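# Observations on the three-dimensional arrangement
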Amino acid sequence: MDQLRKIVDLVGQVLGPEAIGTYLHGSCVLGGLKPASDVDILVVSRRRMNGRERQSLLDGLLKISGSGAPDTARPVELTVVVQSEVRPWRFPPNGDFLYGEWLRDEFESGGPPQAGPMPDLALLISMVLAGDHAVSGPPPARVLDRVPHADLVRASVSGIPGLLDDLESDTRNVVLTLARIWTTLATGEIRPKDAAADWALVRLPPDQRPVLEHARELYLNCRYSEENWSRELKARVRPHTEALLTEIGRLTPA
């Protein structure tokens, strides 16, 4: 709660009355925070930030998030979107600012994030509306439009190439995210990663379950520093990933 208060204070200092609302999404509203979960926040603004505001927001987040903060602090993922870019809704949407701890080195060497296309906003906005948790500002349904299922599909599938690039370095999250994409395409719901894994596991043949079962247990119980994959399981990651991609492909429009 202290970290969340600092984030809200920072947004208020940088954007002031231009910030319409600040909203939780991700694990914060879908099943609760797990040992390695980020604090996921969406800020809806009235206008794009200027260069000074971008740098100020970045400087503050570098101190609040992850390795720039005390050991008790979680990594922060903070996205800023201009309301007129997503209401009325259209795809692909543009985002104004994205901070994630995995991008820290890039920001420290290259400066603050800039505005640009952000298909993932379809997923973020859907989670914000489902979670209905305003940290500041009006309820999200008064600020954001619902995202059609077809655009959830497009956003989910568009992120797959980037996921596969990280399969070796971030196996747990890639496997769980692919399972969640499959679940979302099949059900229209964005479920917590462990719940999406539960849904997928009963639909996979027994020989394809161990990798996803292990990723689920890591997600529920372990920080990244505690993560461990046996040689046998590592050898099964690629075949398991191909099985998930096949199921996703069956549900993806041509």
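Scope of this entry: the structure provided in the associated data block. (Residues numbered from 1 in each chain as written. Predicted model: local features only at pLDDT ≥ 70, side-chain atom pairs only at ≥ 80, totals over all residues. Heavy atoms only, no water.)

## Considerations on the overall build of the protein
Our working definition: Helix and strand labels come from DSSP, where a helix needs a run of H or I of at least four residues and a strand needs a run of E of at least two; each type is numbered from the N terminus. For each residue, the accessible area found with a 1.4 Å probe, counting protein chains only, is set against the maximum for its type, and the residue is called buried under 20%, exposed over 50%, and partly exposed in between. Note on contacts: a residue pair is in contact if any heavy atoms of the two residues lie within 4.5 Å. A 1.4 Å probe and the Shrake-Rupley method give the accessible areas. Residues count as covered only by the protein chains that appear here. Note that His is not counted, nor are the chain ends; the positive residues are Lys and Arg, and the negative ones are Asp and Glu. The atom standing in for a charge is NZ when the residue is Lys, CZ when it is Arg, CG when it is Asp and CD when it is Glu.
Within the protein, the regular secondary structure consists of 11 helices and 7 strands. Considering the protein as a whole, with its 254 residues, one finds that 50% of them fall into the buried category. Contacts in the protein between residues at least 24 apart in sequence constitute 66% of all its contacts with a sequence separation of at least 6. When the accessible surface of the protein is totalled, it reaches about 11,900 Å², and 50% of it is carbon and sulfur. Within the protein, the 34 negative side-chain charges are centred at a point lying 4 Å from the centre of the 29 positive side-chain charges.

## Some points on the layout of surface pockets
Where we set the bar: Of the two site types, the cavity is a set of points on a 1 Å grid over the protein atoms alone where a 1.4 Å probe fits but cannot get out, and the pocket is an open set with protein on both sides within 12 Å along at least five of seven lines, each lined by residues with an atom within 4 Å of a point. Grid points are joined across faces, edges and corners, and a volume is the space filled by probe spheres set on the points. Classes in brief: Ala, Val, Leu, Ile, Met, Phe, Trp, Tyr, Cys and Pro nonpolar; Asp, Glu, Lys and Arg charged; the others, Gly included, polar.
A volume near 1,700 Å³ is recorded for the largest pocket. Together, 49 residues line the largest pocket, and Asp38, Glu77, Trp102, Asn173 and Lys193 are the ones closest to its centre. Looking at the lining of the largest pocket, the elements with two or more residues in it are β3 (76–82), α5 (121–131), α6 (149–158), α7 (160–165) and α8 (171–187). At 7 residues, α8 tops the list of elements feeding residues into the lining of the largest pocket. Of the residues contributing to the lining of the largest pocket, the split by class is 20 nonpolar, 15 polar and 14 charged. Looking at the second largest pocket, its volume works out to about 180 Å³. Forming the boundary of the second largest pocket are Met1, Gln3, Leu4, Leu24, Cys28, Leu33, Val39, Arg74 and His133. When the residues that make up the lining of the second largest pocket are grouped by side-chain class, the tally is 6 nonpolar, 2 polar and 1 charged.

## Digging into helix α11 (residues 231–251)
Note the cut-off: Helix span, as expected, comes to 1.5 Å for every residue beyond the first. Fitting one axis to the seven residues ending at a residue and another to the seven starting there, the bend at that residue is the angle between the two axes.
With 21 residues, α11 extends 32 Å from end C-alpha to end C-alpha; this agrees with the ideal 30 Å at 1.5 Å per step. In α11, a bend of some 35 degrees at Val237 exceeds every other bend along the element, and Pro239, a proline, comes one to four places later. Of the positions making up α11, those classed as buried are Leu233, Val237, His240, Thr241, Ala243, Leu244 and Ile248.

## Some thoughts on α6
Taken residue by residue, α6 has Asp151, Leu152, Val153, Ala155 and Ser156 as its buried positions. Looking at the buried residues of α6, the elements they touch are α5, α7 and α8.

## Examining the pattern of salt bridges
Spelled out, the test is: Salt bridges are counted wherever a side-chain nitrogen of Lys or Arg sits within 4 Å of a carboxyl oxygen of Asp or Glu.
Taken as a whole and judged by the stated rule, the model has 19 salt bridges. One salt bridge in this structure joins Arg47 and Glu53, with 2.7 Å as the shortest N-O distance. Judged by its relative accessible area of 31%, Arg47 falls in the partly exposed class. Connected through shared salt-bridge partners, Asp2, Arg5, Lys6 and Asp9 make up one network.

## Remarks on the environment of Gly131
As for its position among the elements, Gly131 is in helix α5. In the structure, Gly131 is positioned 98 residues away from Trp229 in sequence and 33 Å away in space, judged by C-alpha atoms.

## Observations concerning the nonpolar core
How we decide: Think of a nonpolar core as a cluster: buried Ala, Val, Leu, Ile, Met, Phe, Trp, Tyr and Cys residues, connected wherever their side-chain atoms sit within 4.5 Å.
Core analysis: the biggest nonpolar cluster contains 46 residues, and Leu57, Leu78 and Phe97 have the highest contact counts within it. Looking at this core, the elements that each hand over two or more residues are α1 (2–15), β1 (19–25), β2 (39–45), α2 (51–64), β3, β5 (97–99), α5 and α6. A total of 7 residues in this core trace back to one element, the largest contributor, which is α5. The residues contacting Phe97, other than those within four sequence positions of it, are Met49, Arg54, Leu57, Leu58, Leu61, Leu78, Thr79, Val80, Pro113 and Met118. Within the second largest apolar cluster, 28 residues are counted, among which are Leu176, Leu185, Ala197 and Val237.

## Digging into the sheet that holds β3
Under the convention used in this document: DSSP calls a pair of strands paired once it identifies at least 2 bridges connecting them. To obtain each axis, a line is fitted to C-alpha atoms, and for helices this fit is confined to the stretch in contact; angles are then taken between N-to-C directions over 0 to 180 degrees.
Strand order in the open sheet formed by 5 strands is β5-β3-β2-β1-β7, and the pairing between neighbours is mixed. The open sheet terminates on both sides in strands that have one partner only, identified here as β5 and β7 (134–136). Taken pair by pair, the neighbouring strands of this sheet meet at an average axis angle of 20 degrees, ignoring direction. Relative to β7, β1 is paired through 2 bridges, and the arrangement is antiparallel. Across the sheet, residue Tyr23 finds its bridge partner in β7, namely Ala134. Relative to the sheet, α1 contacts β1, β2, β3 and β7, its axis offset from that of β2 by approximately 25 degrees. Sheet strands in contact with α5 are β1, β2 and β3, and its direction is about 85 degrees off that of β1.

## Focus: the environment of Gly137
Structurally, the position occupied by Gly137 is in the loop between β7 and α6. Considered as a pair, Gly137 and Glu106 are 31 residues apart in the sequence and their alpha carbons are 31 Å apart.

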